[in-house]
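Structural overview for review
For reference, the chains in residue letters:
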Amino acid sequence: MERFITKKIKCEYAIWLFPVIGFVVGVLLCGWSYVCTACGFSQICFAMVGAVIPVIVTGGIHMEGFVNTVHALHSRGKKEKKQELLKDSYVNAFAVLAAICFFLLYMAGLTLIWKENQLKLLGLCFIISRTLDGMSLVWFLPAKKEGMLNSYASMRHKGTVRVVLVVLLALEFAAAVLIHPLIGTVMALAAMWVWTYYYYMSKNQFGGITEELAGFFLGLCELSSVLVLGFLGRVM
């Protein structure tokens, strides 16, 4: 029983750490931008290194989930077969191409981010994505009845965690709008669209969320924010 309770408490603490990790990634990216400006490095240099910073901080877990999810989605198997493919170390050529396209688009967006308000929103987007990721753990049903995600879904204080995360997300969205009304609003809407897509895709294709699908969501959410910040910021 003590181990069970301890495990629940650790799950709750882990969810609070999600936005903190996003904050660290955002600070490092903004810091790298200032280093590039001070040293006269090109925007391409900022984009190429900047695309790798989230991978270094997280160990590439989200990208592993992205690649495995793309591989599973493009198999023609049933839900159970797709769940097995998420754990498969082998990936098909389409998944590799998707990862290449992901980083090319990511770097393209970063090359267009250099304004002060863009950098502030860039740092904020990583906190938003991980707050939404934490919300999915306490709102969405897991694909399997065992494992770490099921522990999140059945934690004792799930209602409190939901309220805190919703309030935190509302504050993050308000901060985004204050930084830049139009770009901040579009970035928030894009993040919520990806979150909604994540819910229906995981439910229909896999029967619920998994750790790999959570990584897939993080990658798509952050990519959407980077592209919005880059291209909208460029024309405004």
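These numbers were taken from a predicted model, which means no experiment stands behind them. (Residues numbered from 1 in each chain as written. Predicted model: local features only at pLDDT ≥ 70, side-chain atom pairs only at ≥ 80, totals over all residues. Heavy atoms only, no water.)

1. Structural notes on the overall build of the protein chain
To be explicit about the condition: Secondary structure elements are defined from DSSP: runs of H or I of at least 4 residues count as helices, runs of E of at least 2 residues count as strands, and each element is numbered from the N terminus. Whether a residue is buried, partly exposed or exposed follows from its accessible area with a 1.4 Å probe, protein chains only, as a fraction of its type maximum: under 20%, in between, or over 50%, in that order. Contacts were defined at the residue level, with two residues in contact if any of their heavy atoms lie within 4.5 Å. In these tables, accessible area is a Shrake-Rupley quantity obtained with a 1.4 Å probe, and a residue counts as shielded only by the protein chains included in the view.
When its secondary structure is counted, the protein chain shows 10 helices and 0 strands. The secondary structure elements of the protein chain, listed N-terminal to C-terminal, are α-α-α-α-α-α-α-α-α-α. In the protein chain, which comprises 236 residues, the proportion classed as buried is 49%. Restricting to contacts in the protein chain with at least 6 residues of sequence separation, those with at least 24 account for 78%. Of the accessible surface of the protein chain, which amounts to about 11700 Å², a share of 70% is contributed by carbon and sulfur atoms.

2. Thoughts on the pattern of salt bridges
Test applied: In what follows, salt bridge is the name for a side-chain nitrogen of Lys or Arg lying within 4 Å of a carboxyl oxygen of Asp or Glu.
Counted under the stated rule, the structure contains 2 salt bridges. For Arg130, the salt bridge identified is with Glu222, shortest N-O distance 2.4 Å. Of this pair, Arg130 sits in helix α6 (residues 116–139) while Glu222 sits in helix α10 (residues 211–235), and the two are 92 residues apart along the sequence. For the residue pair Arg130 and Glu222, the accessibility class agrees, reading buried in each case.

3. Considerations on the environment of Lys203
With respect to the helices and strands, Lys203 occurs in helix α9 (residues 181–206). Residue Lys203 is classed as partly exposed on the basis of its relative accessible area, which comes to 43%. Considered as a pair, Lys203 and Phe140 are 63 residues apart in the sequence and their alpha carbons are 8.6 Å apart. Setting aside anything within four residues of it in sequence, one finds Lys203 in contact with Lys79 and Gly208.

4. Looking at the packing of aromatic side chains
Working definition: an aromatic ring pair is given by the centre-to-centre distance plus the angle between the planes. Test applied: Between the rings of Phe, Tyr and Trp (Trp by its six-membered ring), a pair exists once the centres lie within 6.5 Å; its type follows the angle of the planes, with under 30 degrees stacked, over 60 edge-to-face, and the other angles tilted.
Under the counting rule described, the total for this entry stands at 11 aromatic pairs. Geometrically, the ring pair formed by Phe102 and Phe103 is edge-to-face, given 5.4 Å between the ring centres and 85 degrees between the ring planes. Overall, Phe102 belongs to the buried group, its relative accessible area being 4%. For the ring pair Phe140 and Trp195, a centre distance of 4.9 Å and an interplane angle of 35 degrees mean the geometry is tilted. Within this pair, whereas Phe140 is found in the loop between α6 and α7 (148–153), its partner Trp195 is found in helix α9, the two being separated by 55 residues in sequence. The class of Phe140 is buried, set by a relative accessible area of 7%. According to the relative accessible area criterion, Trp195 is buried, its value standing at 12%. What links up through ring pairs into an aromatic cluster is the set Phe140, Trp195, Tyr198, Tyr199, Tyr200 and Phe217.

5. A word on the packing of helix α2 (residues 43–58) against helix α3 (residues 61–73)
This is how the line gets drawn: Angles run from 0 to 180 degrees between N-to-C directions of axes, and those axes are lines fitted to C-alpha atoms, restricted for helices to the stretch in contact. Small angles under 35 degrees read as roughly parallel and large ones over 145 as roughly antiparallel, with 65 to 115 read as roughly perpendicular and the rest as oblique.
In the contact formed by α2 and α3, the axes pass within 7 Å of each other and the chain directions differ by 105 degrees. On the basis of their axis angle, the class for α2 and α3 is roughly perpendicular. Judged by residue contacts, Pro54, Val55 and Thr58 of α2 engage Ile61, His62 and Met63 from α3.

6. Digging into the packing of α9 against α10
Filter applied, for reference: By convention the crossing between two helices is left-handed if the near helix lies anticlockwise of the far one by an angle smaller than a right angle, and right-handed if it lies clockwise. Gly is put with the polar residues, along with every residue not named as nonpolar or charged; the nonpolar set is Ala, Val, Leu, Ile, Met, Phe, Trp, Tyr, Cys and Pro, and the charged set is Asp, Glu, Lys and Arg.
At a closest axis distance of 9 Å, the pairing of α9 and α10 adopts a crossing angle of 155 degrees. Here α9 lies roughly antiparallel to α10, going by the angle between them. Our pair here, α9 against α10, has a crossing hand that is right-handed. Here Ile183, Val186, Met187, Ala190, Ala191, Val194, Trp195, Tyr197, Tyr198, Met201, Ser202 and Phe206 of α9 lie close against α10, whose contacting residues are Leu213, Ala214, Phe216, Phe217, Leu220, Cys221, Ser224, Ser225, Val228, Leu229, Leu232 and Gly233. Taken together, the residues of the contact of α9 with α10 break down into 20 nonpolar, 4 polar and no charged.

7. A short note on the side chain of His71
Topologically, His71 is positioned in helix α3. Excluding anything up to four places from it in sequence, His71 contacts Leu85, Tyr90, Val91, Asn92 and Ala95.

8. Quick look at the nonpolar core
For clarity, the cut-off: Residues belong to a common nonpolar core when they are buried Ala, Val, Leu, Ile, Met, Phe, Trp, Tyr or Cys residues joined through side-chain atoms within 4.5 Å.
Ranked by internal contacts, the top residues of the largest apolar core, which has 63 residues, are Leu110, Leu122 and Leu132. By residue number, the principal contributor to this core is α6, which donates 12 residues. Beyond its immediate sequence surroundings of up to four residues, Leu110 is in contact with Gln43, Phe46, Ala47, Gly50, Ala51, Leu122 and Val226.

9. So, the confidence of the model for the protein chain
Definition in use: Scored between 0 and 100, pLDDT is the confidence that the predictor attaches to each residue.
On average, residues of the protein chain carry a pLDDT of 87, and 89% of them reach 70 or more. For the protein chain, α7 is the element with the lowest average pLDDT, namely 57, and α9 is the one with the highest, namely 96. Below a pLDDT of 50 lies the segment residues 1–9, which in the model reaches 6 contacts outside its immediate sequence neighbourhood of four places, other chains included.

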